[in-house]
Amino acid sequence: MKELKNKKLAIYIRLGTEEQALGFKKLQEKYLHHFNVERYYFDIASGASIKNRPGLTRLLNDIKTGKVNCVLVKNISTLTRSVPDLIKLENFFKENHCRFIPVYRQLQQKRNR
């Protein structure tokens, strides 16, 4: 992903349980060191709503202030499973010139070419 070279890259992680968080730590150590990630944002919460997620709130504030201009997530449902919330977030990213990349979707698109 050469297009990420000059980005202020952040990763947002939302997991439903503490057990998943431990599994993610292993995944992070194995794969994510390949990216030049400047910031990580983390929540253990349901994906049904974007309310009451301190990690997401910090991420959105950092996007507003220009500390982040590219967000990687595992897939869209990591961010939210709510269509209205997804539309709000996509509009927010667009308004703040922040690229949003669901990694699994990107990989699937490359495989289908």
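Residues numbered from 1 in each chain as written. Predicted model: local features only at pLDDT ≥ 70, side-chain atom pairs only at ≥ 80, totals over all residues. Heavy atoms only, no water.

> I tried to follow the side chain of Arg14 on my own but got confused; where do I start?
Assignment of secondary structure puts Arg14 in strand β1 (residues 9-15). Buried and without a salt bridge, Arg14 has Asp43 as its closest oppositely charged side chain, separated by 7.7 Å. At a separation of 3.0 Å, a polar atom in the side chain of Arg14 contacts the main-chain carbonyl oxygen of Ala45. Within the local environment of Arg14, its side chain forms a polar contact with the backbone oxygen of Ser77, the two atoms lying 2.8 Å apart. (Helix = DSSP H or I, 4+ residues; strand = E, 2+ residues; numbered from the N terminus. Buried < 20%, exposed > 50% of the residue type's maximum accessible area, 1.4 Å probe, protein only. Lys, Arg positive; Asp, Glu negative; His and termini not counted. Salt bridge = Lys/Arg side-chain N within 4 Å of Asp/Glu carboxyl O. Polar contact = N/O pair within 3.5 Å; in protein donor to acceptor, adjacent residues only side chain to side chain.)

> Explanation requested: the sheet that holds strand β4 (residues 99-102) in the structure shown.
The pairing of strands in a sheet happens through backbone hydrogen bonds and is either parallel or antiparallel. Overall, parallel pairing links the 4 strands, which are arranged β2-β1-β3-β4 in an open sheet. What marks the edges here is a single partner per strand, and that holds for β2 (37-44) and β4. Direction aside, neighbouring strands of the sheet carry axes that sit 20° apart on average. Of the pairings in the sheet, the one linking β1 to β2 comprises 7 bridges and is parallel in character. Among the inter-strand pairings, Tyr12 is bridged to a residue of β2, identified as Tyr41. (Pairing = 2+ DSSP bridges. Axes fitted to C-alpha atoms, helices over the stretch in contact; angles between N-to-C directions.)

> Whenever I open this one, helix α2 (residues 54-64) confuses me. Can you help?
For an α-helix, the turn length of 3.6 residues means that residues three or four places apart are oriented alike. By the burial criterion, the buried members of α2 are Gly55, Leu56, Leu59, Leu60, Asp62 and Ile63. For α2, the angular spread of the buried residues around the axis is 160°, confining them to a single face. Of the exposed residues in α2, the ones pointing more than 90 degrees away from its buried face are Pro54 and Lys64. The inward-facing, buried residues of α2 contact β1, β2, β3 (70-73), α3 (76-79) and α4 (83-95). In the segment just after α2, Gly66 is the residue with positive phi, at about 85°. (Arc of directions from axis to C-beta. Contact = heavy atoms within 4.5 Å.)

> Before we go on, may I ask you to explain unusual backbone geometry in this structure?
Of all residues except glycine, most have a negative phi; of all peptide bonds, most are trans. Even without being a glycine, Asn52 presents a positive backbone phi close to 60°. By relative accessible area, Asn52 is classed as exposed at 76%. A positive phi angle, close to 55°, is found at His97, a residue other than glycine. Note that His97 resides in the loop between α4 and β4.

> Hey, could you run me through the packing of aromatic side chains in this one?
Aromatic ring pairs are defined here through the distance separating the ring centres and the angle between the ring planes. In the structure shown here, the tally under the stated rule is 2 aromatic pairs. Consider the rings of Phe92 and Phe93, whose centres lie 6.3 Å apart with planes at 65°: the pair is edge-to-face. Assessed through its relative accessible area of 14%, Phe92 is described here as buried. Taking the relative accessible area as the measure of exposure, Phe93 reaches 2% and is therefore buried. Measuring from ring centre to ring centre gives 5.1 Å for Phe93 and Phe100, while their planes differ by 20°; the resulting arrangement is stacked. Here Phe93 and Phe100 have matching classes, each one buried. The structure contains a cluster of three or more aromatic residues connected by ring pairs, namely Phe92, Phe93 and Phe100. (Phe/Tyr/Trp six-rings, centres within 6.5 Å; stacked < 30°, edge-to-face > 60°.)

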